[in-house]
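# Structure at a glance
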Amino acid sequence: MAGCGDNTASNSGDGGKTPTALAQTGSAAGSSSNIAPICTLQAEDYANAFDTTAGNTGNQHRTDNVDIEATNDAGGGYNVAWTANGEWLAHNNITFPSSGAYTIAYRVAAPSAGGVISADLNGGTIPLGTTSVPATGGWQNWTTVQRTINVNAGTYNLGTFVSSAGFNLNWISIAGASCGTTPPPPGGWTLAWADEFNGTSLDTSKWNIEVNGNGGGNNELQYYTARPENIRVSGGELVIEARKEAYMGKQYTSGRITTQNKASWQYGRMEARMKIPTGKGTWPAFWMLGNSISSVGWPASGEIDIMEHVNSEAVTHGTIHWSDHNNAYANYGGPSGNVDFSQFHVYAVEWDASVIRWYVDGNKFHEVNIAGGINGTSEFHAPYFLLFNLAVGGNWPGSPDGSTVFPNRMQVDYVRVYRR
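Predicted, not measured: the structure shown is a model, and the values here were computed from it.

A general tendency of soluble globular proteins is for nonpolar side chains to be buried together. Met274, Ile304, Trp351, Ile356, Leu386 and Phe388 are the most contacted members of the largest nonpolar core, which has 47 residues in total. Looking at this core element by element, the count peaks at five residues for strand 28 (residues 384-392). Listed in part, the 32 residues of the second largest apolar core include Ile94, Ile104, Leu121 and Tyr156.

Printed below as a string of structure tokens:
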């Protein structure tokens, strides 16, 4: 964020990292049966943002436009600085377990009064009112301001809007809410594995990054790289970015990651919350392959496509591919209903010994019977690993044209595997 502030640090004027008025209701990390949680959001760990000027003046913590500097507040870390009117931050997946009143608090520093913070949910569709920022005695003299908001139960994205600038912001907390999580799906599922992408780099204990220009077996046009230009974790998201550029004999680059040989599952619910790109020649996918691919090849290994989207279609596709009882290639799939691809959605399969079902935002749109290996579907009774990739071109979507916008991004908020 650009505007007011400087990099000069001074002693904190208020020694608490957690709001005093909230301290008896819980802590950011823990909870017990009689202690409500506190969702604490570090300002600099936003999922999305708008800044009025390009470049990070402080050049701290991350490399996008929002100005971030090291803080002298208790606990250290970073704060968002140089705020300007009209700038905003968004933090995703704030869960309010019940309808009613919540206390929202801001950790702020300002040499003079007059700053105003506006809060909202889901891109401004639910306004939550404003909070005034007082004079604290300096850009690194910190205090906590708070007020009550009323919210209906649910999971939202929280917006923090600079209505009037002249302050630094360290963190936001909401007593009684939980951060970055959504309730488990109904039906007795238990979380078995997840990546919330809350760090600053891809967790290579969970993921492999593929590097090749093989075309994915579909005559795709991209070269998959391990560069941060193509694969990175930032702002609580995995970003896979396709770029139009000459690289290793190809004219496009992109990214593909897998959990092969690191994590696999036979049956379960696999879901990811994603915002996927559109445009001629684009092909984002969230899918699974059988562990046996290294020994028996494809399609005998089996493939479960949880979400595929091509070009600018209004739907996604859920499909299985396999080698049937005659050792012939077989596939069976179906499209979802219309999806607004400007928004994040949860794409999922639920898979057991009898059936595989496909969902978008909890709405089932397709299923297939695999009970007893019917129609040669024995491949779907074995462990599978996960993949994410963003292909460019290929047999299905065809090539990009002059209308295709690059860079083109696939954004993954989280991926989770549940078991019964």
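Moving on from the model shown.
According to the domain assignment, the chain contains domain 1 (38-179) and domain 2 (190-419). Here domain 1 and domain 2 have C-alpha centroids that lie 34 Å from each other. Contact with domain 1, which involves seven residues of that partner, is made by seven residues of domain 2. Summing both partners gives a buried area of about 530 Å² for domain 1 against domain 2, and 29% of it is carried by carbon and sulfur. Counting every contact that joins domain 1 to domain 2 gives one residue pair in polar contact (both at pLDDT 80 or more).

Using the criterion set out here, one finds 15 aromatic pairs in the structure. For the ring pair Trp322 and Phe380, a centre distance of 6.1 Å and an interplane angle of 70° mean the geometry is edge-to-face. Of this pair, Trp322 sits in strand 23 (residues 317-323) while Phe380 sits in the loop between strand 27 (363-369) and strand 28, and the two are 58 residues apart along the sequence. The buried category is assigned to Trp322, whose relative accessible area is 7%. Considering the side-chain rings of Trp351 and Tyr384, the 5.2 Å spacing of their centres and the 80° angle between planes classify their relative orientation as edge-to-face. Of this pair, Trp351 sits in strand 25 (residues 345-351) while Tyr384 sits in strand 28, placing them 33 residues apart in sequence. Residue classification places Trp351 among the buried positions, given a relative accessible area of 1%. Above the face of the Tyr247 ring, Arg227 is positioned so that its terminal group lies 4.6 Å from the ring centre. Seen from the ring of Tyr359, Arg269 lies directly overhead, with NZ or CZ sitting 5.8 Å from the centre.

Turning our attention to the layout of surface pockets. For the largest pocket, the calculated volume is near 1200 Å³. Forming the walls of the largest pocket are 43 residues, and the residues nearest its centre are Tyr46, Ala47, Arg62, Ser234 and Gly235. For the lining of the largest pocket, the secondary-structure elements that each account for two or more residues are strand 1 (38-42), strand 2 (48-50), strand 5 (88-96), strand 16 (231-234), strand 17 (237-247) and strand 29 (408-419). Looking at which element gives the most residues to the lining of the largest pocket, the answer is strand 29, with four residues.

Leaving glycine out, the prevailing phi sign among residues is negative, and the prevailing peptide bond configuration is trans. Residue Pro299 is reached from Trp298 by a cis peptide bond, and omega for that bond is 15°. With an omega of -5°, the peptide bond running from Phe406 to Pro407 counts as cis. Along the chain, Pro407 falls in the loop between strand 28 and strand 29. Phi is positive for Asn327, close to 60°, though the residue is something other than glycine. Within the element layout of this structure, Asn327 appears in the loop between strand 23 and strand 24 (329-335). Of note, Asn375 is a non-glycine position whose phi angle comes to about 60°, a positive value.

Parameters and conventions
- Residues numbered from 1 in each chain as written.
- Predicted model: local features only at pLDDT ≥ 70, side-chain atom pairs only at ≥ 80, totals over all residues.
- Heavy atoms only, no water.
- Core = buried A, V, L, I, M, F, W, Y, C linked by side-chain atoms within 4.5 Å.
- Buried < 20%, exposed > 50% of the residue type's maximum accessible area, 1.4 Å probe, protein only.
- Helix = DSSP H or I, 4+ residues; strand = E, 2+ residues; numbered from the N terminus.
- Domains from an automatic or database assignment.
- Contact = heavy atoms within 4.5 Å.
- Buried area = accessible area lost by both parts, 1.4 Å probe.
- Polar contact = N/O pair within 3.5 Å; in protein donor to acceptor, adjacent residues only side chain to side chain.
- Phe/Tyr/Trp six-rings, centres within 6.5 Å; stacked < 30°, edge-to-face > 60°.
- Lys NZ or Arg CZ within 6 Å of the ring centre and 35° of its normal.
- 1 Å grid on protein atoms, 1.4 Å probe; cavity = no way out; pocket = protein on both sides within 12 Å on 5 of 7 lines; lining within 4 Å.
- Points joined across faces, edges and corners; volume = space filled by probe spheres on them.

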